[in-house]
Amino acid sequence: MSNFKEINIAELKASPYNLFNKDWALLTSGDSKDFNTMTVSWGGVGVLWRKNVATVYVRKSRYTLEFMDKFDYFSLTFGGDEMRKALTFCGKNSGRDFDKVKETGITPIFDEKVPYFEEGKLILICKKLYRQEMTADSFIDKSIITKDYSDNDYHIIFIGEIEKAFIKE
């Protein structure tokens, strides 16, 4: 933890659009005994229910979903270009088939609630508040289904309260 400084999330200067779309993040859930991580490039941060929140989307087919459903917390490790190789690997390969930590050389840090990674430049620790499955009948713009869900592998939406935020010093 010595390389990170805790900040008030309201002081975050990063663009919420660039965080997910440009920098990408490792979404991680589990504990020191068993966890999984996957790359996410869709998500958001904001305010909901008078709380600072992060929203992430996990397809039903993803191994990480088992961890998201089992554990109360998730972390987001934003890494940007310095982590691009690891982020690419973790987005294309399943934790069912690979030890992502071993394959990429990323270093897990075990917070009291959820793991995150030393190589990150911004870490968000989130407590789950909400889970909702996307369904075809909920889409107003049905062209999205054709483009992004032709295999019916819809996302599960998770909203978590941001309890801690760390930046690399």
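Here, every reference points to the structure presented above.
First, a word on what this report is: a plain description of the structure on this page. (Residues numbered from 1 in each chain as written. Predicted model: local features only at pLDDT ≥ 70, side-chain atom pairs only at ≥ 80, totals over all residues. Heavy atoms only, no water.)

### Remarks on helix 1 (residues 16-23)
Then, number 1: Listing the buried residues of helix 1 in full gives Leu19, Phe20 and Asp23. Burial along helix 1 is one-sided: seen end-on, the buried residues are contained in an arc of 120°. Turned more than 90 degrees off the buried face of helix 1, the exposed positions are Tyr17 and Asn21.
Then, number 2: Looking one or two residues past helix 1, Trp24 carries a phi angle of roughly 65°, positive in sign. (Buried < 20%, exposed > 50% of the residue type's maximum accessible area, 1.4 Å probe, protein only. Helix = DSSP H or I, 4+ residues; strand = E, 2+ residues; numbered from the N terminus. Arc of directions from axis to C-beta.)

### Regarding a nonpolar patch on the surface
Then, number 1: Together, Leu48, Trp49, Leu129 and Tyr130 give the surface a local cluster of nonpolar side chains, amounting to about 330 Å² of exposed area.
Then, number 2: Mapped onto the secondary structure, Leu129 falls in strand 9 (residues 122-133).
Then, number 3: What makes Leu129 partly exposed here is its relative accessible area of 34%. (Patch = residues over 30% accessible without salt bridge, like charges linked within 9 Å, V, L, I, M, F, W, Y side chains within 5 Å. Areas by Shrake-Rupley, 256 points an atom, 1.4 Å probe, with all protein chains shown as cover. Salt bridge = Lys/Arg side-chain N within 4 Å of Asp/Glu carboxyl O.)

### A few points about the packing of aromatic side chains
Then, number 1: Scanning the model with the defined rule gives 12 aromatic pairs in all.
Then, number 2: With 6.4 Å between their ring centres and 5° between their planes, Phe67 and Phe71 make a pair best called stacked.
Then, number 3: Note on Phe71: relative accessible area 16%, which makes it buried.
Then, number 4: Taking the centre distance of 5.9 Å and the plane angle of 20° together, the rings of Tyr116 and Phe166 count as stacked. Here the residue Tyr116 occupies a position in strand 8 (residues 115-117), and Phe166 occupies one in strand 10 (residues 155-168), the gap between them amounting to 50 residues.
Then, number 5: In this structure Tyr116 comes out as buried when scored by relative accessible area, which is 0%.
Then, number 6: Assessed through its relative accessible area of 2%, Phe166 is described here as buried.
Then, number 7: Among the aromatic side chains, those forming a connected cluster through ring pairs are Phe4, Tyr116 and Phe166.
Then, number 8: The side chain of Arg84 reaches across the aromatic face of Trp24, ending 4.2 Å from its centre. (Phe/Tyr/Trp six-rings, centres within 6.5 Å; stacked < 30°, edge-to-face > 60°. Lys NZ or Arg CZ within 6 Å of the ring centre and 35° of its normal.)

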